[in-house]
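Each chain, written out:
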Amino acid sequence: MQFWNKEAETLKKQKLRELQLERLKKTLRRVYQKVPHYRAKFQQAKVKPDDIKYLEDVNKLPFTTKEDLYVDYPFGLVTLPIEKLIRLHTSSGTTGKPKAIFFSKKDINNSAELIARCLVMTGAKQGDILQNSMTYGLFTGAFVMHYGAEKVGILVIPAGPGNTERQINLMRDFGTTMIHITPSYALYVASVIYDKGIDPRRDLKLKRAYLGAEPYSEETRKKIEDMLGIDIYNCYGLTEMNGPGVGFECKYKAGLHIWEDNFLMEVINPDTGEPVKEGEIGELVLTTLNREAMPLIRYRTRDLTRIIPQPCKCGRTHRRISRILGRSDDMFIVKGVNIFPQQIEQVLMSIKGVAQNYQIVLESYDEMTVKVEIDRELFDGKIERLIKMKEEIIDKIRSATMVKPKVELLEPGTLPISEGKAKRVIDNRTI
Ligand code: AMP
Ligand code: ZN
């Protein structure tokens, strides 16, 4: 089976646009009627749902930001009475309070439907065994994937993160064929598999992994793929839009399909709010087109990406985005230069001898220190090898970022291990 829902996934472009417009209009009428905060924002922008006649009119509508989620917290943007809500998920907020997202029965079912499309798109099918090593709980990551996999008929092991030894035992005992995990934890698990002398190609049945919840580079994908002998698929989502399954790679691993019958996507210049030209990098803005309990209109994700307009070889008509280049919030400035942690990760993961873990420490605006774990045997060899390694890292980071870093080489196991989203940047600057 190549498609979970072939008709929806290969809808002709024109039909897809018509469906988007119809769903957009319905969503707008719904929030205008039921959510005073949206009505007030629309009135302020002097726009009514009926003014939206074409998809291009979407830019007449006001944006929704994270701050809007705190207005009349927590039920302010909900369009259904409480007795119609069946699930709450939250994601950490910047103001201290979490962002609260509510789901109706239909929404839960739909989020699983989208994951089913995603999994089947990568070749998953009945008979596969999914080890779900994301955090179960308030976070959407594990639950949404869990329900979607069950819908396909996949056996799910609800492992949750952590207890790495147990993770590996589960893989061995039950013949896990696929794993859902953060990239930072995947790197760590892969290193433990090696340390234990397990040959993943011989001793495990792992075929593919779904990595998401945080940005990572192609170099990290390759490194884990080579270590474990598997295919890694990038899986993007955010709690505000259901969680995982908003964007997902197909077999071709060349960008993430966004389910355009469920999400209207725009890419804007984050400073001006104007659309960028198709194919240019900007902030991803999403509108839910098929959500009942808590629709979100022109939601600013702060995630930076670009649309890949060319059709995909897999035959799906839903457009793709490039991997997330970073969040506008993650960017930091050293010596006046804007840097994304991912630029540093990309360099490190391409260097032979670099192990799995690193951290960027900022003490002043003029300097960054990159702490990086390297293979243990390098410490047993000649000092010249360490000096060479350090120079290589400094040079490559300098040419990637234009800033010369301080580099500290560490033995594996020195830096804290992250089982969920990794904290890569420690910013100790107080002003
Ligand atoms: P949360 O709502 O806590 O699940 O976090 C969602 C955020 O995690 C997104 O807005 C992205 O910044 C980040 N994220 C999730 N998946 C990916 C991915 N595959 N690549 C890069 N960033 C991701
Ligand atoms: Zn494709």
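This one's a predicted model, so the numbers in the text were calculated from it and none came from an experiment. Just so you know, the residues in each chain are numbered from 1, in the order the chain's sequence is written. Key to labels: chains lettered from A, ligands numbered from 1, both in the order written. Local features are withheld for residues below a pLDDT of 70 in this predicted model, meaning they are given only at 70 or higher, and side-chain atom pairs are given and counted only at 80 or more; totals for whole chains, interfaces and linings count all residues. Each side-chain value is worked out from all heavy atoms of the structure, with water and hydrogens disregarded.

Considering the sheet that holds strand 10 (residues 263-268)
Using the following cut-off: For two strands to be treated as a pair, DSSP must find no fewer than two bridges joining them. The secondary structure listing takes helices from DSSP runs of H or I that are at least 4 residues long and strands from runs of E that are at least 2 residues long, numbered from the N terminus.
The 4 strands are arranged 10-11-12-15 in an open sheet whose pairing can be described as antiparallel. Lying at the two open borders of the sheet, with one neighbouring strand each, are strand 10 and strand 15 (326-327). Here 2 bridges tie strand 12 (residues 299-305) to strand 15, and the two strands are oriented antiparallel to one another. The residue bridging Leu 304 from the neighbouring strand is Gly 326, located in strand 15.

Some points on the coordination of the zinc ion (ligand 2)
Put simply, the test is: Metal sites are built from N, O and S donor atoms within 2.8 Å, or 3.2 Å for Na, K and Ca, and they leave out water, so they may look incomplete. In this scheme the shape depends on donor count and angles: four donors with every angle between 85 and 135 degrees give tetrahedral, four or six donors with opposite pairs above 155 degrees and others between 65 and 115 give square planar or octahedral in turn, and any other case is irregular.
Protein coordination at the zinc ion (ligand 2) comes from Cys 250 (SG), His 257 (NE2), Cys 312 (SG) and Cys 314 (SG), with a distance range of 2.1 to 2.3 Å. Viewed at the metal, the 4 donor atoms of the zinc ion (ligand 2) are separated by angles of 103 to 117°, and the geometry they form is tetrahedral. Here the donor residues for the zinc ion (ligand 2) map to a single chain with the spacing C-x6-H-x54-C-x1-C. Residue His 257 is found in strand 9 (residues 256-258), and its partner Cys 312 is found in the loop between strand 13 (307-308) and strand 14 (320-321); the two are separated by 55 residues along the sequence.

What to know about the packing of helix 6 (residues 164-174) against helix 7 (residues 183-195)
What describes two packed helices is the angle between their axes and the distance between those same axes. To keep it simple, the criterion reads: Each axis is a line fitted through C-alpha atoms, and for a helix only the stretch in contact is used; angles between axes span 0 to 180 degrees, taken between their N-to-C directions. Between 65 and 115 degrees an angle is taken as roughly perpendicular, under 35 as roughly parallel, over 145 as roughly antiparallel, and anywhere else as oblique. Contacts are assigned to residue pairs with any non-hydrogen atoms lying within 4.5 Å of each other. As a working rule, the residues Ala, Val, Leu, Ile, Met, Phe, Trp, Tyr, Cys and Pro are called nonpolar, Asp, Glu, Lys and Arg charged, and the rest polar, with Gly in that last group.
Packing of helix 6 against helix 7 leaves a shortest axis separation of 10 Å and a crossing angle of 75°. Here helix 6 lies roughly perpendicular to helix 7, going by the angle between them. Where helix 6 approaches helix 7, its residues Thr 164, Gln 167, Ile 168 and Met 171 are matched on the opposing element by Tyr 185, Tyr 188, Val 189, Val 192 and Ile 193. Here the contact of helix 6 with helix 7 is composed, by residue class, of 7 nonpolar, 2 polar and no charged.

Observations concerning the environment of Met 121
In this fold, Met 121 is placed in helix 4 (residues 105-121). For the pair formed by Met 121 and Glu 408, sequence separation is 287 residues and the distance between their alpha carbons is 42 Å. In contact with Met 121, other than residues within four places in its own chain, are Gln 2, Phe 248, Glu 249, Cys 250, Lys 251, His 257, Trp 259 and Arg 316.

A look at the site of ligand 1
Selection rule: A molecule or strand has a residue near it when one of that residue's heavy atoms lies within 4 Å. In the analysis that follows, any N or O atom pair within 3.5 Å is treated as a polar contact, provided that within protein one partner can donate a hydrogen and the other can accept it, and provided that, for residues neighboring in sequence, both atoms belong to side chains. All accessible areas in this document rest on Shrake-Rupley with a 1.4 Å probe, and a residue is counted as covered only by the protein chains that are shown.
Around ligand 1, the surrounding shell holds 17 residues, and the nearest of these are Asn 234, Cys 235, Thr 239, Asp 303 and Arg 327. Contact between ligand 1 and Lys 421: an oxygen atom at 2.8 Å from a side-chain N or O atom of the residue. Protein chains shield 93% of the accessible area of ligand 1, which is 500 Å² for the free molecule. No other element matches the 5 residues that strand 7 (residues 231-238) contributes to the shell around ligand 1.

With respect to the domain arrangement of the chain
For the record, the criterion: Per the annotation, domain bounds derive from an automatic or database assignment of domains. Computed with a 1.4 Å rolling probe, the buried area is the accessible surface lost when two parts are put together, summed over both parts. Any carboxyl oxygen of Asp or Glu that lies within 4 Å of a side-chain nitrogen of Lys or Arg is treated as forming a salt bridge with it.
Each domain of the chain was delimited in the assignment, giving domain 1 (1-328) and domain 2 (332-427). Here domain 1 packs against domain 2, burying approximately 1700 Å² in sum over the two surfaces, 54% of which is carbon and sulfur. Linking domain 1 to domain 2 there are 0 salt bridges. On the surface where domain 1 and domain 2 come into contact, there are 11 residue pairs in polar contact (both at pLDDT 80 or more). At the level of secondary structure, the elements contributing two or more residues to the side of domain 1 that touches domain 2 comprise helix 7, helix 9 (218-228) and strand 15. When residues in the side of domain 1 that touches domain 2 are grouped by element, the largest group, 5 residues, is from helix 7. The residue inventory of the side of domain 1 that touches domain 2, partitioned by class, reads 12 nonpolar, 8 polar and 5 charged.

A closer look at the packing of helix 10 (residues 341-349) against helix 12 (residues 383-401)
Our working definition: Should the near helix be turned counterclockwise from the far one by less than a right angle, the crossing is left-handed, whereas a clockwise turn marks it as right-handed.
Direction vectors running N to C along helix 10 and helix 12 enclose 140°, while the axes themselves pass 10 Å from each other. One element, helix 10, and the other, helix 12, form an angle in the oblique class. Considering how the two elements wind past one another, helix 10 and helix 12 form a crossing that is right-handed. Judged by residue contacts, Gln 343, Ile 344, Val 347 and Leu 348 of helix 10 engage Ile 393, Lys 396, Ile 397, Ala 400 and Thr 401 from helix 12. Residues of the contact of helix 10 with helix 12, tallied by class, amount to 6 nonpolar, 2 polar and 1 charged.

Some thoughts on the nonpolar core
Stated precisely, the cut-off is as follows: Among buried residues, those of type Ala, Val, Leu, Ile, Met, Phe, Trp, Tyr and Cys that are joined through side-chain atoms within 4.5 Å constitute a nonpolar core. The rule is simple: take the accessible area with a 1.4 Å probe, protein chains only, and divide by the maximum for that residue type; under 20% is buried, over 50% is exposed, in between is partly exposed.
Core analysis: the largest hydrophobic core is formed by 69 residues, its most contacted members being Phe 42, Leu 119, Tyr 210 and Ile 321. Broken down by element, the residue count for this core peaks at 8 residues, all from helix 4. Counting residues in each nonpolar core, the second largest holds 48 residues, with Leu 204, Phe 332, Leu 348 and Ile 360 among its members.

Examining the pairing of strand 8 (residues 243-249)
With 7 of 7 residues buried, strand 8 lies mostly within the body of the structure. Where strand 7 folds back on strand 8, the antiparallel hairpin that results is connected by 4 residues, among which Asn 242 adopts a positive phi of roughly 95°. With 3 bridges connecting them, strand 8 and strand 9 associate as antiparallel partners. Across the sheet, Glu 249 pairs through a bridge with Leu 256, a residue of strand 9. Hairpin connection between strand 8 and strand 9: a loop of 6 residues separates the two successive antiparallel strands, and Lys 253 in this loop has a positive phi of roughly 50°.

Points about the pattern of salt bridges
Going through the model one piece at a time under the given rule, you end up with 31 salt bridges. In this structure, Lys 41 engages Asp 68 in a salt bridge whose closest nitrogen and oxygen atoms are separated by 2.9 Å. With Lys 41 in helix 3 (residues 36-44) and Asp 68 in the loop between helix 3 and strand 1 (85-91), this residue pair connects regions lying 27 residues apart in the sequence. Classification of Lys 41 as buried rests on a relative accessible area of 16%. Assessed through its relative accessible area of 8%, Asp 68 is described here as buried. Where Arg 429 meets Asp 427, a salt bridge forms, and the shortest distance between an N and an O atom there is 2.9 Å. Accessibility expressed as a relative area gives 13% for Arg 429, which makes it buried. The exposure class assigned to Asp 427 is partly exposed, which follows from its relative accessible area of 40%. The structure contains a network of salt bridges with shared partners spanning Glu 67, Arg 302, Asp 303, Arg 327 and Asp 329.

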